[in-house]
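As a plain string of letters, each chain reads:
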Amino acid sequence: MAHQDLSITAKLINGGVAGLVGVTCVFPIDLAKTRLQNQHGKAMYKGMIDCLMKTARAEGFFGMYRGAAVNLTLVTPEKAIKLAANDFFRQLLMEDGMQRNLKMEMLAGCGAGMCQVVVTSPMEMLKIQLQDAGRLAVHHQGSASAPSASRSYTTGSASTHKRPSATLIARELLRTQGLAGLYKGLGATLLRDIPFSIIYFPLFANLNHLGFNELAGKASFAHSFVSGCVAGSVAAVAVTPLDVLKTRIQTLKKGLGEDVYSGITDCARKLWIQEGPSAFMKGAGCRALVIAPLFGIAQGVYFIGIGERILKCFE
């Protein structure tokens, strides 16, 4: 079982590389997901492609990468925590490592999900504000009569036209609400990430096990990649309703006539009443498209062992 003593540094490098490559590839789709989940009714975007085309037209190519910097900065620690935690819990819970015990694997996934929220929650909070800024700008053009001053973070109306930056939002949040401001939607994030991990990790382990190659001692790269993608999409779609709630709760600036939610149940109730059950699956396709390559790439990087190769260079 040589895989077990893979150094933690190599693991962290793997997680980091996987995160960076993954985010760069799929960030625009994630932006579309946030905007689709935040729009009420069938207002601005018909779907993912429509949203991306409009964004590219209105805000340029890099407009699609709004908020990517936050993600790129924090995705490494996040992925690292998640993968390391999952490994740690698995070794803790499964003595001989080889025996597959589904309950224990779910527990391990659960632990990983809980650990990672420390980074995920504030990261998503900031990312969502930045991703949604463009949608709101268009929203406000349609209703220019509304006093812009009252809608912006700071009091000057000029600040509404300045592009919000992550540091600006973070500072403002910390100043007005303290740390709790950054961790808004923590409950919703946990509600999304724990079920996600509980579905993803065991599903991946078992799918991957199907392609186990006696000679190589592990499944082939293609098999791992596909397992990662499948497990990722299934888990992503399964927790989409929770993700919609999280997006809505974490969005600070609302467009006109958009609801403010006091909590998870309140948000769920209003969504159900006002937009119907289908609203809970908003952005599900986007989510599957985002998560599948993200996790596929992550598993791939792990399997190629980029971290180990980098470390070998330094030896």
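Okay, so let's go over this structure. As a convention, each chain's residues are numbered from 1 in the sequence order in which they are written. With pLDDT at 70 or above as the cut-off, local features in this predicted model cover only qualifying residues; side-chain atom pairs require 80 or more to be listed or tallied, and sums for whole chains, interfaces and linings still use all residues. Processing note: side-chain calculations cover all non-hydrogen atoms of the structure and skip hydrogens and water entirely.

**Description of the pattern of salt bridges**
At step 1: The salt bridge definition used is simple: a Lys or Arg side-chain nitrogen within 4 Å of an Asp or Glu carboxyl oxygen. With the rule as written, the count across this model stands at 18 salt bridges.
At step 2: The partner of Glu124 in a salt bridge is Lys246, with the nearest N and O atoms 2.8 Å apart. On the criterion of sequence distance, the pair formed by Glu124 in helix 4 (residues 102–141) and Lys246 in helix 9 (residues 240–250) is long-range, its members being 122 residues apart. No difference in accessibility class separates Glu124 from Lys246, as the two residues are buried.
At step 3: A single network of salt bridges, built from pairs that share partners, joins Asp30, Lys33, Glu124, Lys127, Arg192, Asp193, Asp243, Lys246 and Arg287. What counts as a helix is a DSSP run of H or I of at least four residues, what counts as a strand is a run of E of at least two, and both are numbered from the N terminus. Exposure classes here rest on a 1.4 Å probe applied to the protein chains alone. A residue is buried below 20% of its type maximum, exposed above 50%, and partly exposed in between.

**Here's the deal with the packing of aromatic side chains**
At step 1: Two rings belonging to Phe, Tyr or Trp (six-membered ring only in the last case) form a pair when the distance between their centres is within 6.5 Å. Interplanar angles under 30 degrees mark stacking, angles over 60 mark edge-to-face geometry, and anything in between is tilted. Scanning all chains against the criterion turns up seven aromatic pairs.
At step 2: An angle of 55° between the planes, with centres 5.8 Å apart, marks the rings of Phe61 and Tyr65 as tilted.
At step 3: A residue is classified by how much of its surface remains accessible, and Tyr65, at 22% relative accessible area, is partly exposed.
At step 4: Ring geometry for Tyr200 against Phe204: centres 6.0 Å apart, planes inclined by 10°, an arrangement best described as stacked. You can see Tyr200 and its partner Phe204 sitting in helix 7 (residues 186–210), four residues apart, about one turn around the helix. Phe204 shares its class with Tyr200; the two are buried.
At step 5: Among the aromatic residues, those joined into a ring-pair cluster are Phe27, Phe61, Phe62 and Tyr65.

By themselves, these figures tell us nothing about what the structure is for.
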